[in-house]
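Report on the structure
The primary structure of each chain is shown beneath.
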Amino acid sequence: MGNKKIQRSRMWKYFVDATAEIIEEEGIENVTIRKVADRAGYNSATIYNYFTEISHLIFFASMKFLKTYTDDVGSAIEKGKNPLEKYILSWECFCKHSFQQPQIFHAVFIKDLGNHPEKLLADYYEIYPSDLINFPEELKVILFERSVSKRGRSILEIASNEGFIDNADIDKVNEMTILIWQGMLTNFLNNRTTHDVEKASEITMDYITEIILNSSK
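Everything numeric here is computed off the predicted structure, so don't read it as measured data.

With that settled, the discussion passes to the environment of isoleucine 212. Relative to the helices and strands, isoleucine 212 is located in helix 12 (residues 197-215). Residue isoleucine 212 is classed as buried on the basis of its relative accessible area, which comes to 2%. Spatially, the C-alpha atoms of isoleucine 212 and methionine 176 are 9.6 Å apart, while their sequence positions differ by 36 residues. Here isoleucine 212 is in contact with Leu84, Tyr87, Ile88, Val173 and Thr177, once residues within four sequence places are set aside.

Here it is, written out as structure tokens:
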């Protein structure tokens, strides 16, 4: 059983690494099963023994490009003096990196991956445990949550418990901040705005910060 697991992990890495190379060299939109198979040195049918669909393969490969974000977010949150400041700082870090890599963040946090996307995250960190090194223990729960909605809510719940925001406002604040980010990222990704990376991030954070401050006690 152990050898089978090792073999599966090795094959899994071949295909994920091949996909990541294609993303880096040609762009995420040019990833195909045939290209991945050719680069990994296997036929296309073999890939489906390890991945249900190409969106999962792209998801796993995209995760490899999130390391700069996961490295930054822990230190960013630690600068906050209270849960609301931590929430704002976590969004600031998220916006900064997501507008720098819009296709990657769309693949990981927005794209439909079918049922149980959270399991995909657990699978990724089982294969690449080194990506979790130096990541604060209390933030690993957030990191393993693919849903932006659930990730943000966990911090807002802490803010509510400590009296910084009304419990009744958690869902409203959480949903509004997410919709602002998703809307701006979608427009940015589809060339529906003239804003550059810095301006798109700045405007998004202005709106998010205003919502949070208006809802604080």
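In this section: the side chain of asparagine 174. By secondary structure assignment, the location of asparagine 174 is in helix 11 (residues 170-189). Using a relative accessible area of 3% as the deciding quantity, one classes asparagine 174 as buried. Of the polar contacts made by the side chain of asparagine 174, one reaches the backbone nitrogen of arginine 153; its length is 3.5 Å.

Within helix 2 (residues 33-40), burial applies to Ile33, Val36, Ala37 and Ala40. Each buried residue of helix 2 lies within a common arc of 95° when the element is viewed along its axis, so the set occupies one face. Exposed and oriented more than 90 degrees from the buried face of helix 2 are Arg34 and Asp38. Just downstream of helix 2, glycine 41 is the residue with a positive phi angle, here 85°.

It is worth spelling out unusual backbone geometry at this point. In this structure, asparagine 191 is a non-glycine residue whose phi angle is positive, near 55°. With respect to the element layout, asparagine 191 can be found in the loop between helix 11 and helix 12.

The next point concerns the state of the cysteines. The bond known as a disulfide is covalent and runs between the sulfur atoms of two cysteines. Taken as a whole and assessed by the stated rule, the structure comprises zero disulfides. Unpaired in this structure, cysteine 93 has its nearest cysteine sulfur neighbour in cysteine 95, at a distance of 9.5 Å. The class of cysteine 93 is buried, set by a relative accessible area of 7%. Since its relative accessible area comes to 0%, cysteine 95 is described here as buried.

Analysis parameters
- Residues numbered from 1 in each chain as written.
- Predicted model: local features only at pLDDT ≥ 70, side-chain atom pairs only at ≥ 80, totals over all residues.
- Heavy atoms only, no water.
- Helix = DSSP H or I, 4+ residues; strand = E, 2+ residues; numbered from the N terminus.
- Buried < 20%, exposed > 50% of the residue type's maximum accessible area, 1.4 Å probe, protein only.
- Contact = heavy atoms within 4.5 Å.
- Polar contact = N/O pair within 3.5 Å; in protein donor to acceptor, adjacent residues only side chain to side chain.
- Arc of directions from axis to C-beta.
- Disulfide = S-S within 2.5 Å.

Such coordinate-based values are descriptive only and should not be taken to indicate function.
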